[in-house]
Amino acid sequence: MSKGYFITATGTDVGKTYVTALLVKKWRDLGIDAGYYKAALSGAEFRDGKWVAGDADYVKHFAKLDDSQEQLVSYVYKEAVSPHLAARKEGNPVELSKVLEDFEAACNRHEFIFAEGSGGIICPIRYDSDTAANVDDIAKVVPQKIFLVDIIKALNLPILVVTTAALGSINACVLTVEYARSRGINVHGLIVNRYGMSKNFEMEDDNIKMMQDLTGLPVFAKISEGDNDLGVDKTF
């Protein structure tokens, strides 16, 4: 069994955090010390006088993790925009060295890690302006462009792709999988979230079959809105 999975999705607001929480809880229920890690989170919530990384906080409480926010997330940004823009505005850009250090620490604390991405696979995490290099000593300022796919490759985990079965899901799912494969990433399988939400089960079931056929990947779980369990009896 691999040390962990990276959870990405066909886009933002597909339900990565909800699915990741179900995964962490299920692994822990099955006797595996599973943990959580996220490199960058934007759109923090202000609660009781402090900024809270909502995604990580949700997983922490749902799966009953003891880790602190600082251990769960490397970079927390206040504004609910793409991480690269939030980082640029708040002056705290992502450094891959810190991401790797924090991820290794998470792996040392837990037997298995679910690393959650931000947005979709091409989400820009850091995007320095090229003008930053227009300085006398170019060695001191080298513009960096980091996308979520770069973090996935750096952590060297196989990915699980969270998708829905709604209208348009076939295109979004296949494009995500094929882009990941084009970058040399091991795509382990799919998880369908919000199954049945459209009430058109004929369409959703056909979409799921098409996603499986076109990607050659298994669907490990189908999660309906409000489920509090992954609905599987073993790890995958």
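Structural data are supplied above this passage.
By convention here, each chain's residues receive numbers from 1 onward along its written sequence. Only residues with pLDDT of 70 or above have their local features reported here, since the model is predicted, and side-chain atom pairs are shown and tallied only from 80 upward, although totals for entire chains, interfaces and linings are computed over all residues. In computing side-chain values, all of the structure's heavy atoms are included and hydrogens and water are not.

### Regarding the overall build of the protein chain
The numbering of helices and of strands both runs from the N terminus, where a helix is a DSSP run of H or I of at least 4 residues and a strand a run of E of at least 2. In terms of helices and strands, the protein chain carries eight helices and 11 strands. Against the 2.2 N^0.38 benchmark of 18 Å for 236 residues, the protein chain shows a C-alpha radius of gyration of 18 Å, consistent with a compact globule. The C-alpha extent of the protein chain, read off along each of the three principal axes, is 60 × 35 × 35 Å. Accessibility here uses a 1.4 Å probe with only protein chains present; expressed as a share of the type maximum, an area under 20% marks a residue as buried, one over 50% as exposed, and anything in between as partly exposed. Counting all 236 residues of the protein chain, 47% fall into the buried class. By the convention used here, residues are in contact when the closest approach between their heavy atoms is within 4.5 Å. Counted over contacts in the protein chain with a minimum sequence separation of 6, partners at least 24 positions apart contribute 74%. To measure how exposed things are, a 1.4 Å probe is used in the Shrake-Rupley method; for residues, cover is taken only from the protein chains shown. For the protein chain, the exposed area adds up to about 11,200 Å²; of that, 51% sits on carbon and sulfur atoms. Only four residue types enter the tally: Lys and Arg on the positive side, Asp and Glu on the negative side, with His and both chain ends excluded. One atom stands in for each charge, and that atom is NZ of Lys, CZ of Arg, CG of Asp or CD of Glu. With 26 positive and 33 negative side-chain charges, the protein chain shows a spacing of 1 Å between the two charge centroids. All radius of gyration figures rest on C-alpha atoms, and the globule criterion is 2.2 Å times the number of residues raised to 0.38.

### Some words on the side chain of Arg126
Among the structural elements, Arg126 can be located in strand E7 (residues 124-127). You can call Arg126 buried: its relative accessible area is 9%. In this structure the side chain of Arg126 is engaged in a polar contact, spanning 3.0 Å, whose partner is the side chain of Asp128. Apart from the residues within four sequence positions on either side, Arg126 is in contact with His84, Pro93, Val94, Glu95, Gln144, Lys145 and Ile146. Definition of a polar contact: a pair of N or O atoms within 3.5 Å, with one able to donate and the other able to accept a hydrogen when the atoms are protein atoms, and with sequence-neighbouring residues admitted only if both atoms are side-chain atoms.

### Comments concerning the pairing of strand E6 (residues 112-116)
For E6, the buried fraction is high: five of the five residues fall into the buried class. Burial of E6 is two-sided: the residues Phe112, Phe114 and Glu116 facing one way and the residues Ile113 and Ala115 facing the other way are all buried. Between any two strands, at least two bridges found by DSSP are needed for them to pair. Bridge count for strand E1 (residues 4-9) against E6 is four bridges, and the pairing is parallel. Bridge pairing in E6 links Tyr5 to Phe114. Pairing geometry for strand E2 (residues 34-42) and E6, over five bridges, is parallel. Residue Tyr37 lies in a different strand from E6, and its bridge partner there is Ala115.

### Quick notes on the sheet that holds E6
Within a sheet, adjacent strands bond to each other through the backbone by hydrogen bonds, running parallel or antiparallel. Spatially, the seven strands line up as an open sheet ordered E5-E2-E6-E1-E9-E10-E11, and their pairing is parallel. Each edge of the sheet is formed by a strand with only one pairing partner; in this case those strands are strand E5 (73-77) and strand E11 (219-222). Pairwise comparison of adjacent strand axes, ignoring direction, gives a mean angle of 25° for this sheet. By the bridge criterion, three bridges tie strand E10 (residues 187-192) to E11 in an arrangement that is parallel. The residue bridging Leu190 from the neighbouring strand is Val219, located in E11. Simply put, an axis is a line fit to the C-alpha atoms, just over the touching stretch for a helix, and the angle between two N-to-C directions goes from 0 to 180 degrees. Most of the contacts of helix H1 (residues 16-29) go to E6, to which it runs at about 175°, and overall it touches E1, E2, E6, strand E9 (159-163) and E10. Docked against the sheet, helix H6 (residues 148-155) engages E1, E2, E6 and E9, running at close to 170° with respect to E1.

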